[in-house]
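Architecture at a glance
Residue strings, one per chain:
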Amino acid sequence: MYKIAHITDLHIKSLDLKGYKRQLGLLLEDVKRRECDHIFITGDMIDNGEEKDYTTLIKIFNQFGLMDTNKISVTIGNHEIFGGTQTAEDVYLFPSRCQNTDYNAQVKLFYDYFKPAFEGAEINNEHNPFPYCKILFDKIAVIGVNSNAHWSKIRNPIGSNGTVYDEQYKKLSKMLKSDTIKDKLKIVLIHHHFNKTSEVASNIVHSLWLYVERRTMKLHNKKRLFKLFKEANVDMVLHGHTHISDSYNRKGSLFVNSSASVIPFTQNKVRKYHIIKIPKDKKKMTFDVQLINL
């Protein structure tokens, strides 16, 4: 049985005032103790989109021997591109910062730091590697998608809304429907969530946060992604972004969210992630998903 951990929304930064590095260390210790073969990470691994954040995070990953394509698969979140607010003053200046961010340069920076995780994958190109496809254990097709929208005064004022643009969508469609992966388990890694606000707001803290954020955490054009995933027989879609951990079914695919693995936005503050169990028998294209409480 292969065991794959799904974690996301780590928000590591060099100046660690809230102890997120320690929380990540405890999380990775738990993953190691449970003898997982691989880790999927679906964005917002760093908090402020800066090189010093990457070096801080990768130092931790190196301590656990994770900077290897056989150990981790990743995709990019909005914090890798636009960063986040660090001070009270940032709240007012953040839209301007997002407007002035070089989106393409930030995507390239992400690829440069996580290049070992892309080794052996079919990528678009080194400046914009998404979508990519990587085969694990000769059985699983891992497809990484960039769901981050460019800055827009109306549609994406603080950089946290999402979309999959036409160019990437066309390549994604071709990749998902390719004969080379038709007999594989298909798992999509993407940052933005697909469930509705009312479905994830199970407690008052998270409900109020999503009420404030719902216009700035939206994934646009979800319908065509649902349609594509159904046509291509995608088995599972892994994401983050909402800072809770849950799973739900849509249009024939299972959607799994492990974004409370380090920073849960819940009343009880319980950190959670998922482990996906897949038989090693190549003829058994099945899986089981287990929710882990830390």
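That block above? That's the structure.
Scoring rules and cut-offs
- Counting restarts for each chain, with residues numbered from 1 along the sequence as it is written.
- Residues qualify for local features only when their pLDDT is at least 70, as the model is predicted, and side-chain atom pairs are given and counted only at 80 or more; totals for whole chains, interfaces and linings, by contrast, use all residues.
- Only hydrogens and water are set aside; all other atoms, that is, all heavy atoms of the structure, feed into the side-chain values.
- Pairing between two strands requires that DSSP report at least two bridges joining them.
- A run of H or I in DSSP counts as a helix once it spans at least four residues, and a run of E counts as a strand once it spans at least two, with each numbered from the N terminus.
- Fitting a line to C-alpha atoms yields each axis, with helices limited to the stretch in contact; the angle taken between N-to-C directions then spans 0 to 180 degrees.
- Angles below 35 degrees are treated as roughly parallel, those above 145 as roughly antiparallel, those between 65 and 115 as roughly perpendicular, and all remaining angles as oblique.
- Note on convention: the crossing is left-handed when the near helix lies turned anticlockwise from the far helix by less than a right angle, right-handed when the turn is clockwise.
- Pairs of residues are marked as contacts when any of their non-hydrogen atoms sit within 4.5 Å.
- The classification used treats Ala, Val, Leu, Ile, Met, Phe, Trp, Tyr, Cys and Pro as nonpolar, Asp, Glu, Lys and Arg as charged, and all other residues, Gly among them, as polar.
- Each residue is placed in one exposure class: buried if its accessible area under a 1.4 Å probe, protein chains only, is under 20% of its type's maximum, exposed if it is over 50%, and partly exposed if it falls in between.
- N or O atoms closer than or at 3.5 Å make up a polar contact, with two conditions inside protein: a donor-capable atom paired with an acceptor-capable one, and, for residues adjacent in sequence, both atoms drawn from side chains.

1. Describing the sheet that holds strand 1 (residues 2-7)
What holds strands together in a sheet is hydrogen bonding between their backbones, with the strands either parallel or antiparallel. Strand order across the open sheet formed by five strands is 3-2-1-10-11, with mixed pairing between neighbours. Only two strands of the sheet have a single neighbouring strand rather than two, namely strand 3 (72-75) and strand 11 (288-293). Mean inter-strand twist for the sheet, computed between neighbouring axes without regard to direction, equals 20°. Bridging between strand 1 and strand 10 (residues 272-278) involves five bridges; their strand directions are antiparallel. Bridging from a neighbouring strand, Lys 3 pairs with Lys 277 of strand 10.

2. Here's the deal with the packing of helix 2 (residues 51-63) against helix 5 (residues 103-113)
A pair of packed helices can be characterised by two numbers: the angle between their axes and the separation between those axes. Relative orientation of the contacting elements helix 2 and helix 5 amounts to 25°, with a least axis distance of 11 Å. Judged by the inter-axis angle, helix 2 sits roughly parallel to helix 5. Relative to helix 5, helix 2 is oriented so that their crossing is right-handed. Residues Glu 51, Tyr 54, Thr 55 and Ile 58 of helix 2 form the contact with helix 5, whose own contacting residues are Leu 109, Phe 110 and Tyr 113. Looking at the contact of helix 2 with helix 5 residue by residue, the class counts come to five nonpolar, one polar and one charged.

3. Some remarks on the side chain of Ser 245
Of note, Ser 245 is situated in strand 8 (residues 245-250). Ser 245 sits in the buried class, given a relative accessible area of 14%. A distance of 3.2 Å separates a polar atom in the side chain of Ser 245 from the backbone nitrogen of Ala 260.

4. Section: helix 5
Burial in helix 5 covers these residues: Tyr 103, Gln 106, Val 107, Leu 109, Phe 110 and Tyr 111. Elements that come into contact with the buried residues of helix 5 comprise helix 2, strand 3, helix 3 (78-82) and helix 6 (115-118).

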